[in-house]
Amino acid sequence: MSYVHTSSTAFVAGTTSFRRAQWRMLFAAMLCYLFFYTGRQTFGFAIPGIQKEFGLSKEMLGWVSSAMLWSYAIGQAINGNLADKYGGRRIMSLGAVLSCFANWVVSFSSGFVTLVFPWAVNGYFQALGWAPGSRLLANWWGIGERGKVYGFYVFAAGCASVLSYVTSIAVLDVFHLDWRWIFRIPVLLMLAGGIFFYLVARERPEDMGFKPLDTGVADAVDKAHAVQDDQTESSWSRYKAVLKNWRLDIAALSLGFQNAARYGLIVWVPVHFFGSNWAKSPDAFINPKWISIALPVGMAIGALSNGWISDKLFGSKRYKAIMLYMVLGAITTMWMFTIPGNSLIGVVALFLCGFFVYGPASSFWALCPDLVGSRRAGTATGIMNFSSYLFAGLGEPLIGRMLDTSGDTSLVFPIVAVSCAISAVVAFFIKR
């Protein structure tokens, strides 16, 4: 049963229809974001072709990846607030359209400069997606179901990683096209998803004739950080209020290390499986180009499970679910480092790496409305994501340099393990 609230009276108003509307908003946001990663997580698959054509080192390509990630981080800090001010529906849809265009510009690159600048611009356009979508969901769902809801939303993001991997491999291995088409064909799905979202989604319950939902905050301590009237609060006031929430600041730091670990896997695992010597062996257990898909599949399922665990097992104490998965992520990535990738057990290990490293994302995002209330959820999500991609961007050239120097692409796994361990330690201080 779904309850809709006003400031003084609780109504059971159109219970079934409201519940349907809630799920409609969730699935619309999930479907739109399902296609978003085709606009930014395909870069790892283009690296071998770009290296061959332009002669760039892995470190240089790590800087290209960093440019996008840092631009994305800046965009998150800006666009989350814009979503609070103007609504998530319009901004998320706009992001899909603009990112599709930017990817096509990248596909015509002729060297480092013409590659790095449009890819950085694309990072900003990509940042028009996640926080605005989160803001819309915060309008429609209350605290008792946020872990589940953000678990579904992050599950869609994990599936988006699967989709970006599959479409990139299809471009290269099925259609036998060059790397440029990785930035042209998959992003058409994102364009369609953005248009669909704009047509189907609605910003808040009131837009469909329902009473506003009392989404609330997690507990009495955090109620001081919530506001009742976002129409009168300035952007600067929202930023100050969010940044003063020390638990959110700690969560942002922990998320930074988690996302550095995540992108270490997303960008460099395809390089590892495409470039390692065993990958060229006819005795490989499975085509190495397809082994890497175990990673995003694990990520998708891990995110769905962690949100549920934070609600049901830990009573919405998100930090416990975060710590559990980060510790297990450190263990499984070190395990992956010790075993050959061209084996069945290597596929299982890679799946578990994705499962545990990405899983806590759903709990991190549920923390945003938990800590500051739904009316500042977009700004809080943007600040959190700014931190996450700032750290991810710092990690990319570091990993690229280490792989260039050592010639051993498997070193990405112990680097990721260290980042996971630090994230777990920091998450302990979110304790609430």
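Preceding this paragraph is the structure being described.
These lines cover the structure that appears in this document, whether it is placed above or below. (Residues numbered from 1 in each chain as written. Predicted model: local features only at pLDDT ≥ 70, side-chain atom pairs only at ≥ 80, totals over all residues. Heavy atoms only, no water.)

**Here we look at a nonpolar patch on the surface**
Then step 1. Taken together, Ile74, Ile78, Phe386, Leu390 and Leu394 make up a surface patch of nonpolar side chains, about 400 Å² in accessible area.
Then step 2. Listed by contribution, the elements that provide at least two residues to the nonpolar patch are helix H3 (58-86) and helix H16 (377-406).
Then step 3. If you tally residues by element for the nonpolar patch, the top one is H16, at three residues.
Then step 4. For Leu394, the position within the fold is in helix H16. (Patch = residues over 30% accessible without salt bridge, like charges linked within 9 Å, V, L, I, M, F, W, Y side chains within 5 Å. Areas by Shrake-Rupley, 256 points an atom, 1.4 Å probe, with all protein chains shown as cover. Salt bridge = Lys/Arg side-chain N within 4 Å of Asp/Glu carboxyl O. Helix = DSSP H or I, 4+ residues; strand = E, 2+ residues; numbered from the N terminus.)

**Topic: the pattern of salt bridges**
Then step 1. Tallied over the entire structure, the rule returns seven salt bridges.
Then step 2. Asp84 is paired through a salt bridge with Arg135; the nearest N and O atoms lie 2.4 Å apart. Of this pair, Asp84 sits in helix H3 while Arg135 is found in helix H6 (residues 130-140), placing the two residues 51 residues apart along the sequence.
Then step 3. Here Asp84 falls in the buried class, since its relative accessible area comes to 5%. (Buried < 20%, exposed > 50% of the residue type's maximum accessible area, 1.4 Å probe, protein only.)

**What to know about the packing of aromatic side chains**
Any aromatic ring pair is given by two values, namely how distant the centres are and how the planes are angled relative to each other.
Then step 1. As enumerated under the stated definition, the model contains 27 aromatic pairs in all.
Then step 2. When the centroid spacing of 4.8 Å and the interplanar angle of 85° are considered together, the rings of Phe45 and Tyr165 count as edge-to-face. Taken as a pair, Phe45 in helix H2 (residues 43-54) and Tyr165 in helix H7 (residues 146-174) lie far apart in primary sequence, 120 residues in all.
Then step 3. The interplanar angle of 55° and the centroid separation of 4.1 Å between the aromatic rings of Tyr72 and Tyr389 together place this pair among those described as tilted. Placement of the pair is Tyr72 in helix H3 and Tyr389 in helix H16, with a sequence separation of 317 residues.
Then step 4. Judged by its relative accessible area of 0%, Tyr72 is buried.
Then step 5. Members of the aromatic cluster, joined through ring pairs, are Tyr33, Phe36, Tyr37, Trp130, Tyr153 and Trp365. (Phe/Tyr/Trp six-rings, centres within 6.5 Å; stacked < 30°, edge-to-face > 60°.)

**Concerning helix H4 (residues 88-106)**
Then step 1. Taking 1.5 Å per residue as the helical rise, H4 with its 19 residues ought to reach 27 Å, and the 27 Å between its terminal C-alpha atoms agrees with that figure.
Then step 2. Within H4, burial applies to Gly88, Arg89, Ile91, Met92, Ser93, Gly95, Ala96, Ser99, Cys100, Ala102, Asn103 and Val106.
Then step 3. Those residues of H4 that are buried lie in contact with helix H1 (15-34), H3, helix H5 (112-126), H6, H7 and helix H8 (187-200). (Expected span 1.5 Å × (residues − 1). Contact = heavy atoms within 4.5 Å.)

**Regarding the environment of Tyr389**
Then step 1. Under the relative-accessibility criterion, Tyr389 is labelled buried at 1%.
Then step 2. With 313 residues separating them along the chain, Tyr389 and Gln76 place their C-alpha atoms 8.9 Å apart.
Then step 3. What Tyr389 contacts, discounting residues up to four positions off in sequence, is Arg40, Leu69, Trp70, Tyr72, Ala73, Asn259, Arg262 and Tyr263.

**So, helix H9 (residues 235-243)**
Then step 1. Along H9, the residues classified as buried are Ser235, Arg238, Tyr239, Ala241 and Val242. Projected down its long axis, H9 carries its buried residues within an arc of 165°, all on one side. (Arc of directions from axis to C-beta.)

**A look at the nonpolar core**
Then step 1. Membership of the largest hydrophobic core comes to 116 residues, with the highest contact counts inside it found for Tyr33, Ile50, Leu265, Trp365 and Met384.
Then step 2. Ranked by residue count, the leading element in this core is helix H10 (residues 246-275), at 13 residues.
Then step 3. Those residues in contact with Trp365 that sit more than four places away from it in its chain are Trp130, Tyr150, Val154, Leu255, Thr381, Met384 and Asn385.
Then step 4. In this structure, Ile309, Ala321, Phe355 and Phe356 belong to the second largest nonpolar core, which totals five residues. (Core = buried A, V, L, I, M, F, W, Y, C linked by side-chain atoms within 4.5 Å.)

**Quick look at the side chain of Ser387**
Then step 1. Among the secondary structure elements, Ser387 is positioned in helix H16.
Then step 2. The buried category is assigned to Ser387, whose relative accessible area is 11%.
Then step 3. Residues within four places of Ser387 in sequence aside, it is in contact with Ala252, Leu253 and Gly256.

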